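What follows is the residue order along each chain.
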Amino acid sequence: MQSSTKKKLAYARTLDFKTGRVEMAHGSGGRAMAQLIDQLFMAAFDNDFLRRMNDQASFISPGGRMVMATDSHVVTPLFFPGGDIGCLSVHGTVNDVVMSGAKPLYLSAGFILEEGFPLADLKRIVESMANAAQAVPVPVITGDTKVVEQGSGDGVFITTTGVGLVPENVYISSECAKPGDSILISGTIGDHGIAVMLARDDFSFQSSLESDTASLHELVADMVNTVPGIHVLRDPTRGGVAAALNEIAQQSETGMMLYEERIPVKPQVSAACEFLGFDPMYVANEGKLIAICAPEDTDKLLDSMRAHPLGRNAAVIGEVIADSHCFVQMKTRFGGTHVVDWLSGDQLPRIC
Amino acid sequence: MKYIEAFRDGRLARKIAALIAREADSNRQYYLMEFCGGHTHAISRYGIADLLPDRIHMIHGPGCPVCVLPMGRLENAIQLAQMPGVVLCTYGDMLRIPTAKGNSLLKIKAQGADIRMVYSSTEALNIAQQNPQKTIVFLAIGFETTTPATAVVIKQAQALGLSNFTVFCNHVLTPSAISHILQSPEIRQLGLVQLDGFIGPAHVSTVIGSRPYEYFAEEFQKPVVIAGFEPLDVMQAILMLIRQLNTGRAEVENEFTRAVLPQGNIKAKRLVAEVFELRPSFEWRGLGHVPYSALRIKSCFADFDAEQRFEIPALSLADHKACECGAILRGVKHPRDCKIFGTACTPDNPVGSCMVSSEGACAAYFRYGRFRDSQNQQTTAQH
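Residues numbered from 1 in each chain as written. Chains lettered and ligands numbered in written order. Predicted model: local features only at pLDDT ≥ 70, side-chain atom pairs only at ≥ 80, totals over all residues.

## Quick look at the overall build of chain A
Logical step 1: Looking only at helices and strands, chain A has nine helices and 13 strands in total.
Logical step 2: Against the compact-globule benchmark of 20 Å for 352 residues, chain A has a radius of gyration of 22 Å, which places it among compact chains.
Logical step 3: Seen through its C-alpha atoms, chain A measures out along the principal axes to roughly 70 × 55 × 35 Å.
Logical step 4: Among the 352 residues that make up chain A, the fraction classed as buried is 48%.
Logical step 5: Of all intrachain contacts in chain A linking residues separated by at least 6 positions in sequence, the fraction that spans at least 24 positions is 86%. (Helix = DSSP H or I, 4+ residues; strand = E, 2+ residues; numbered from the N terminus. Rg over C-alpha atoms; globule rule 2.2 N^0.38 Å. Buried ≥ 20, exposed ≤ 12 C-beta atoms within 10 Å, placed from the backbone. Contact = placed C-beta atoms within 7 Å.)

## Remarks on the packing of helix α3 (residues 85-98) of chain A against helix α4 (residues 119-135) of chain A
Residues and elements named next belong to chain A.
Logical step 1: Contact geometry for α3 and α4: axes closest at 6 Å, N-to-C directions at 35°. In terms of crossing hand, the pair formed by α3 and α4 is right-handed. Residue-level contacts link I85, G86, C87, S89, V90 and H91 of α3 to I125, V126, S128, M129, N131, A132 and A133 of α4.
Logical step 2: Tallied by class, residues from the contact of α3 with α4 come to eight nonpolar, five polar and no charged. (Axes fitted to C-alpha atoms, helices over the stretch in contact; angles between N-to-C directions. Left-handed = near helix turned anticlockwise from the far one by under 90°. Nonpolar A, V, L, I, M, F, W, Y, C, P; charged D, E, K, R; others polar.)

## Some thoughts on the pairing of strand β10 (residues 276-284) of chain B
Logical step 1: Pairing of β10 of chain B with strand β11 (residues 288-297) of chain B involves eight bridges; the strand directions are antiparallel. Considered in β11 of chain B, the bridge of F276 of chain B is made with I297 of chain B. (Pairing = 2+ DSSP bridges.)

## Some details on the domain arrangement of chain B
Residues and elements named next belong to chain B.
Logical step 1: In terms of domains, chain B is made up of domain 1 (6-62 + 186-254) and domain 2 (71-173 + 264-309).
Logical step 2: Here the C-alpha centre of domain 2 lies 31 Å away from the C-alpha centre of domain 1.
Logical step 3: Taken residue by residue, the interface counts seven residues in domain 1 and 11 residues in domain 2.
Logical step 4: No other element matches helix α10 (residues 203-208), which puts five residues into the side of domain 1 that touches domain 2.
Logical step 5: Its residues placed into classes, the side of domain 1 that touches domain 2 shows four nonpolar, three polar and no charged. (Domains from an automatic or database assignment.)

## Topic: the confidence of the model for chain B
Residues and elements named next belong to chain B.
Logical step 1: Summing up the model confidence of chain B, the mean pLDDT is 89 and the portion of residues at 70 or higher is 94%.
Logical step 2: Contacts of residues 379-383 to residues separated by more than four positions or lying in other chains number zero contacts, the stretch itself having pLDDT below 50.
Logical step 3: In the predicted assembly, ipTM is 0.82 and pTM is 0.88. (pLDDT = per-residue confidence, 0-100.)

## Considerations on the sheet that holds strand β2 (residues 56-63) of chain B
Backbone hydrogen bonds are what pair the strands of a sheet, in a parallel or an antiparallel way.
Residues and elements named next belong to chain B.
Logical step 1: Taken together, five strands build an open sheet; the order of strands is β2-β1-β7-β8-β9 and the sheet is parallel. Lying at the two open borders of the sheet, with one neighbouring strand each, are β2 and β9 (252-254). The average undirected angle you get between the axes of adjacent strands in this sheet is 25°.
Logical step 2: The strands touched by helix α3 (residues 37-45) within the sheet are β1 (30-36), β2 and β7 (197-200), with β1 carrying the most contacts at an inclination of about 120°.
Logical step 3: Taken strand by strand, helix α12 (residues 231-246) contacts β1, β2, β7, β8 (224-226) and β9, and its axis lies near 150° from that of β7.

## So, the domain arrangement of chain A
Interface size is commonly expressed as the accessible area that is lost once the parts come together.
Residues and elements named next belong to chain A.
Logical step 1: What the domain assignment lists for chain A is domain 1 (24-165) and domain 2 (174-339).
Logical step 2: Computed from C-alpha coordinates alone, the two centres of domain 1 and domain 2 are separated by 28 Å.
Logical step 3: Facing 23 residues of domain 1, the contacting portion of domain 2 comprises 23 residues.
Logical step 4: Looking at the side of domain 1 that touches domain 2, the elements with two or more residues in it are α3, β4 (103-114) and α4.
Logical step 5: For the side of domain 1 that touches domain 2, the element with the most residues is α3, which contributes nine residues.
Logical step 6: Among the residues forming the side of domain 1 that touches domain 2, the class breakdown is 14 nonpolar, seven polar and two charged.

## Side note on the packing of helix α1 (residues 31-45) of chain A against α4 of chain A
All names here are of chain A.
Logical step 1: Axis separation between α1 and α4 bottoms out at 9 Å; the angle between their running directions is 20°. Classified by the angle their axes make, α1 and α4 are roughly parallel. Crossing hand, α1 versus α4: right-handed. Judged by residue contacts, L40, F41, A44 and F45 of α1 engage L122, K123, V126, E127 and A130 from α4.
Logical step 2: Here the residues of the contact of α1 with α4 are counted per class, giving seven nonpolar, no polar and two charged. (Parallel < 35°, antiparallel > 145°, perpendicular 65-115°, else oblique.)

## Considering the sheet that holds strand β10 (residues 290-293) of chain A
Residues and elements named next belong to chain A.
Logical step 1: Ordered by their spatial adjacency, seven strands build an open sheet running β8-β10-β7-β11-β9-β12-β13, and the pairing between neighbours is mixed. The two strands at the open ends of the sheet, each matched to only one other strand, are β8 (232-234) and β13 (337-339). Strand-to-strand, the axes of this sheet are offset by a mean angle of 25°, without reference to chain direction.
Logical step 2: Pairing geometry for strand β7 (residues 182-185) and strand β11 (residues 315-321), over four bridges, is antiparallel. Bridge pairing in β11 places S182 opposite E319.
Logical step 3: Together, β7, β8, β9 (255-259), β10 and β12 (328-331) form the strand contacts of helix α7 (residues 240-252), whose direction differs from that of β10 by roughly 30°.

Here it is as structure tokens:
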């Protein structure tokens, strides 16, 4: 690749991406840092903005309503079935941007690296990130790298920020749910959280389950094209569908009624939840969205979601109801009703 | 999953609900206690109360292992975890239980104590093997269900000569707790609490069998139906209790025949008897000191007994004075009778242990039951 039009710095030796490790010098502003930026980050993210090597990226405002979102990514393990922290850090922020109906335009990336972290792993992560950004496409136009001493980090932390442009006549926001609206989900819930949990060494059982991590920009673009008047979009990441719906219910000052039998859950996820004492409603997703729309738009929106590969298991899972308590309730498959409350602290397994 | 889904079938539930509605005598009230937190959870999670006629009242019993651990023992565990070189291992929701001063294992973990959540006693043993320079304290809690697993690791530690592994034993016994509730003055003498029958424990009974309940079915004339933790199990057990009560029977019946034998799990019981012995008395949160209701590690395994290896003072600490957990655990009060329920005491900032575990009566009511009451209030207001 064409990394720079300027004269290249003379490095003592090239970075050892096989056995090398992150050193404090890679974050100290000297030649080692310049080399890491040039040979790793520039090589992976190469674009006109980065090539100018300024402290900032400059771009012309496209005009219109813009949105901005930021997300810090920490995950153990860094590599998990279906993805890694690199692609996750792109998907997470792209999804936050597009939940406004926006087209993602630019990303920034900040890395906090732990001294001693293998450069081979870092390269894998950065390349996965670059591929994910390329696939959208959304360029990473500015970035930062810091190195912390061994023991002060967990390998790699990545913070990404994204900006996007919202099409005219689209206003999607969490306070827009109205009683009577339909609640849709784009696919099976809990895949990411359970896949990551099973990838940790704590459990000795195996599964073919993969994280659902994915950028939802195309799916959202299709949905907004079909129904520009979507009321709410939300990606149910941490805290799962339960947390996302409780937030929307609070912000819209409504209640919600869900139907357990309509909520898509993979059998592996149900089984793992059963075993570990978790509820899939509280488990994280990284490639799913919740949509809320007027009842008359429901069928159109559902069809447009199902037409996209990332929405083929989409389902209408409930409706918005009037409720001054802002309770999210669920009609159980069993015939009773219960409140799907906010999560208190971490989801901890029950003993009995 | 098929095996599980079969016990959550809505159509069957409606059939049983119709039978319950038909057979429950409309001229009387039925007060049934589900002893176990697992049943409380199922009742709340699946909305079983919605399927029952108003004359059937479910009372949440004290069968939540983290709820009944007294403050003093929790304070002991916190002190152990703060000792230099100690790694304290315990099961999930134990971490959040607050002391009267608002401290908890999670909080002292944040202050630097090495506390690890484990899924099994074996994990704690593995941690001991991997960290020979550390002393591992396994905070063992639970009813008869978890006791055999603790016995296994103590025996393994002895076989391996693992001198850095210890157990802080808090295992308690179900039958003595049920007897204690039935002997309480509120029930026996004053008649303040009506209690007509019990849904007997599921997992506990897989270990101890159905026979231990025969004593109080006969002595106290209360029917017991042992039931699994799935919602259909609970529905079926309620129907069986109503049939017993309607015909004046007080027997031990087993709904959970797919897992519970009259004699229980003989191997597990033998293992427990080998490693543990009865404590003459043990404090339960809410029930006070209950004779012969808990186990301690036998002296031949003293090397692995945290109580014998470390100085652990016997602390008897009072609960937070506004907390009604004690009365709630005895079935004397309902969570909504507690002044601080849902105000000062919520799942995010629990004051009492019943608000911590999702099996706890208060947490279950906060999470799943409040809506029912607020809906009832709205309906009443409309009339």
